[in-house]
Amino acid sequence: QVQLVESGGGLVQAGGSLRLSCAASGIIFSDNVMGWYRQTPGKQRELVASITSGGNTNYADSVKGRFTISRDNAKNTVYLQMDNLKPEDAAIYYCKAVRLISRREYWGQGTQVTVSS
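Residues numbered from 1 in each chain as written. Predicted model: local features only at pLDDT ≥ 70, side-chain atom pairs only at ≥ 80, totals over all residues. Heavy atoms only, no water.

## Thoughts on the overall build of the protein
How we decide: Only runs of H or I of at least four residues qualify as helices and only runs of E of at least two qualify as strands under DSSP, and these elements are numbered from the N terminus. The quantity called the radius of gyration is restricted to C-alpha atoms. Its globule counterpart is 2.2 Å times the number of residues to the power 0.38.
Along the protein, the regular secondary structure elements total zero helices and eleven strands. Walking the protein from its N terminus toward its C terminus, one meets helices and strands in the order β-β-β-β-β-β-β-β-β-β-β. Whereas a compact globule of 117 residues would reach a radius of gyration of roughly 13 Å, the protein reaches 13 Å, a difference of no more than 12%. Across its three principal axes, the protein shows a C-alpha extent of roughly 40 × 25 × 20 Å.

## Here's the deal with the state of the cysteines
Threshold: For this text, the term disulfide refers to a pair of cysteine sulfurs within 2.5 Å. The classification of residues rests on relative accessible area computed with a 1.4 Å probe and restricted to protein chains. Under 20% of the type maximum is buried, over 50% is exposed, and intermediate values are partly exposed.
Throughout the structure, instances matching the rule amount to one disulfide. Here Cys 22 engages in a disulfide with Cys 95; their sulfurs sit 2.1 Å apart. Its S-S torsion of about -80° marks the bond between Cys 22 and Cys 95 as left-handed, since a negative value means left-handed. Here Cys 95 lies in strand 9 (residues 91-99) and Cys 22 lies in strand 3 (residues 18-25), a separation of 73 residues in the sequence. The class of Cys 95 is buried, set by a relative accessible area of 0%.

## Details of the packing of aromatic side chains
Heads up, the rule is: Ring pairs are drawn from Phe, Tyr and Trp, using the six-membered ring of Trp, whenever the two centres fall within 6.5 Å, and their geometry is named by plane angle: stacked under 30 degrees, edge-to-face over 60, tilted for the rest. Here, a charge over a ring means that NZ of Lys or CZ of Arg falls within 6 Å of the ring centre while also lying within 35 degrees of the ring normal.
Summed over the entire model, instances satisfying the criterion amount to two aromatic pairs. For the ring pair Tyr 37 and Trp 107, a centre distance of 5.0 Å and an interplane angle of 70° mean the geometry is edge-to-face. With Tyr 37 in strand 4 (residues 32-39) and Trp 107 in strand 10 (residues 105-107), the pair connects residues that are 70 residues apart, well separated along the chain. Judged by its relative accessible area of 17%, Tyr 37 is buried. Of the residues examined, Trp 107 reaches a relative accessible area of 33% and is grouped as partly exposed. Pairwise contacts between aromatic rings join Tyr 37, Tyr 94 and Trp 107 into one cluster. The ring of Trp 107 carries the charged tip of Arg 45 above its face, separated from the ring centre by 4.6 Å.

## So, the side chain of Lys 96
The line we're drawing: In what follows, a contact means two residues having at least one pair of non-hydrogen atoms within 4.5 Å.
Residue position: Lys 96 is located in strand 9. Among the residues examined, Lys 96 registers a relative accessible area of 10% and is labelled buried. Those residues in contact with Lys 96 that lie beyond four places of it in its chain are Leu 4, Val 33, Met 34, Gly 35, Tyr 37, Glu 105, Tyr 106 and Trp 107.

## Digging into the pattern of salt bridges
Pairing is possible between side chains that carry opposite charge, provided their charged atoms lie close to one another. Applied cut-off: By salt bridge we mean one thing: a side-chain nitrogen of Lys or Arg within 4 Å of a carboxyl oxygen of Asp or Glu.
Using the criterion set out here, one finds five salt bridges in the structure. Notably, a salt bridge pairs Asp 89 with Arg 38, separated by 3.0 Å at the nearest N-O pair. Placement of the pair is Asp 89 in the loop between strand 8 (77-82) and strand 9 and Arg 38 in strand 4, with a sequence separation of 51 residues. Comparing Asp 89 with Arg 38, the two get one shared label, buried. Residues Asp 61 and Lys 64 are paired through a salt bridge, measuring 3.1 Å at the closest nitrogen-oxygen approach. You can call Asp 61 exposed: its relative accessible area is 66%. When salt bridges that share partners are traced, they join Arg 38, Glu 46, Arg 66 and Asp 89 into one network.

Okay, structure coming up:
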């Protein structure tokens, strides 16, 4: 059974930092591209950042220079370091795994990030 469990969300003031974690089980972690997405009410879920098993990263323009995605293949965990948070970063953040061979997708349950101005 595949599980992606996010943690690290919470309430932070604008300009502050949070570090999200996503622990994966039930998958061969290194076979998957890992990503962080976010969603606010009434809007589509959007890509925040992604990282391949080899460490190649991709970021949404809105978070470049402020967020850093990383992964620890030995711990089956992907991280999202979020610095200089802005009120517009507030959302539910979801972890996603995409298996390279089959393109099958797995999602976590989400973690809430709230940024006060």
